[in-house]
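Structure assessment
Below are the chains, spelled out letter by letter.
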Amino acid sequence: DSGVTQTPKHLITATGQRVTLRCSPRSGDLSVYWYQQSLDQGLQFLIQYYNGEERAKGNILERFSAQQFPDLHSELNLSSLELGDSALYFCASSSGTGELFFGEGSRLTVL
Amino acid sequence: DAKTTQPTSMDCAEGRAANLPCNHSTISGNEYVYWYRQIHSQGPQYIIHGLKNNETNEMASLIITEDRKSSTLILPHATLRDTAVYYCIVRVWAAGNKLTFGGGTRVLVKP
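Attention here is on the structure that accompanies the text.

1. A few points about the packing of aromatic side chains
Evaluated as defined, the whole model comprises 10 aromatic pairs over all chains. Seen from their ring centres, Tyr35 of chain A and Phe45 of chain A are 5.6 Å apart, and the 65 degrees between their planes marks the pair as edge-to-face. With Tyr35 of chain A in strand E4 (residues 31-37) and Phe45 of chain A in strand E5 (residues 43-50), this pair connects stretches of sequence that are 10 residues apart. A single burial state applies to Tyr35 of chain A and to Phe45 of chain A, both of which are buried. Between Tyr36 of chain B and Tyr46 of chain B, the ring centres sit 5.7 Å apart and the planes meet at 70 degrees, which makes this aromatic pair edge-to-face. Of the two residues, Tyr36 of chain B sits in strand E3 (residues 31-38) while Tyr46 of chain B sits in strand E4 (residues 45-50), which places them 10 residues apart along the sequence. Aromatic rings pair up to connect Tyr35, Phe45 and Phe102 of chain A together with Tyr36, Tyr46, Tyr87 and Phe101 of chain B into one cluster. Across from the ring centre of Tyr50 of chain A, 5.3 Å away, lies the NZ or CZ of Arg55 of chain A, which sits over that ring.

The structure is reproduced here in structure tokens:
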């Protein structure tokens, strides 16, 4: 158990819909990272937040957005969903030691 | 972050040591070598990291060559549960730095 909690574990929705994925980092970790892993692709970095502020941005689509709240939990919002958005979405958090600790992921299926 | 090169896949016999190579010839002086693994569809798991000295923990050993251009992750007694994709990542150590994942090495431990 990494200490990072992601909900929901599984989500099935239709094209055009909007979903929100939630991540609770390990206690005390200020950084939260979001990654996407599609079936035929590796782990793609989406975005990072540090203590509520956006810190780094990767290959995140404009239809996707994220935020980190004062209690340090984070949400990834995916809108106007397309079939190609079906993937595993991982959240990770890190502390001052530099290692990232990943949650078990949210599996999104867009039909 | 420096680029790494790993074999696409390798097999290992259960109970034997698994030696996973990684080339990182463009590594900079302030970049660490990190190893993570991902067991099928689970969140990536931190294994070990090092700068220039060899490192060992309860999971594995990391051997870094003197010129730091390559390294080897050693799983001393591979078990079936070690079957996973192993990622070698080079990055500057900092609490807020993201990880950039490559293709990794798909390790299959056979009985």
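Once you've had a look at it, read on.
2. Focus: the state of the cysteines
Joining two cysteines, a disulfide is a covalent bond between their sulfur atoms. Taken as a whole, this structure holds 2 disulfides over all chains when the rule is applied. Across the disulfide, Cys23 of chain A is cross-linked to Cys91 of chain A (sulfur-sulfur distance 1.8 Å). Handedness of the Cys23 of chain A-Cys91 of chain A disulfide follows from its S-S torsion of about -55 degrees: it is left-handed. Taken as a pair, Cys23 of chain A in strand E3 (residues 19-24) and Cys91 of chain A in strand E9 (residues 87-94) lie far apart in primary sequence, 68 residues in all. Both residues of the pair, Cys23 of chain A and Cys91 of chain A, count as buried. In this model, Cys22 of chain B is linked to Cys88 of chain B through a disulfide, with the two sulfur atoms separated by 2.1 Å. Between Cys22 of chain B and Cys88 of chain B, the S-S dihedral sits near -80 degrees, and the bridge is therefore left-handed. Taken as a pair, Cys22 of chain B in strand E2 (residues 18-23) and Cys88 of chain B in strand E8 (residues 84-92) lie far apart in primary sequence, 66 residues in all. Neither residue differs from the other here; Cys22 of chain B and Cys88 of chain B are each classed as buried. The thiol of Cys12 of chain B is unpaired, and the distance to the nearest cysteine sulfur, on Cys22 of chain B, comes to 18 Å.

3. Some remarks on the interface of chain A and chain B
The interface of chain A with chain B comprises 21 residues on the first partner and 19 residues on the second. Both sides of the chain A and chain B interface together cover about 1,600 Å² of buried area, and 53% of this is carbon and sulfur. It is Leu43, Glu99 and Phe102 of chain A in chain A that bury the most area against chain B; as a group they hold 30% of the surface buried on that side. For the interface between chain A and chain B, the tally reads 0 salt bridges. Joining chain A to chain B, the criterion identifies 4 residue pairs in polar contact (both at pLDDT 80 or more).

4. Some words on the nonpolar core
All names here are of chain B. Among the nonpolar cores identified, the biggest contains 21 residues, and Leu20, Val33, Trp35, Ile47, Leu73 and Tyr86 are the most heavily contacted of them. Mapped by element, the contributors of at least two residues to this core are E2, E3, E4, strand E6 (61-64), strand E7 (70-75), E8 and strand E9 (105-110). When near neighbours in sequence (up to four residues on either side) are disregarded, Leu20 contacts Met10, Trp35, Ser71, Thr72, Leu73, Tyr86 and Val107.

Calculation rules
- Residues numbered from 1 in each chain as written.
- Chains lettered and ligands numbered in written order.
- Predicted model: local features only at pLDDT ≥ 70, side-chain atom pairs only at ≥ 80, totals over all residues.
- Heavy atoms only, no water.
- Phe/Tyr/Trp six-rings, centres within 6.5 Å; stacked < 30°, edge-to-face > 60°.
- Helix = DSSP H or I, 4+ residues; strand = E, 2+ residues; numbered from the N terminus.
- Buried < 20%, exposed > 50% of the residue type's maximum accessible area, 1.4 Å probe, protein only.
- Lys NZ or Arg CZ within 6 Å of the ring centre and 35° of its normal.
- Disulfide = S-S within 2.5 Å.
- Contact = heavy atoms within 4.5 Å.
- Buried area = accessible area lost by both parts, 1.4 Å probe.
- Salt bridge = Lys/Arg side-chain N within 4 Å of Asp/Glu carboxyl O.
- Polar contact = N/O pair within 3.5 Å; in protein donor to acceptor, adjacent residues only side chain to side chain.
- Core = buried A, V, L, I, M, F, W, Y, C linked by side-chain atoms within 4.5 Å.

Function-wise, these values are silent; they only describe arrangement.
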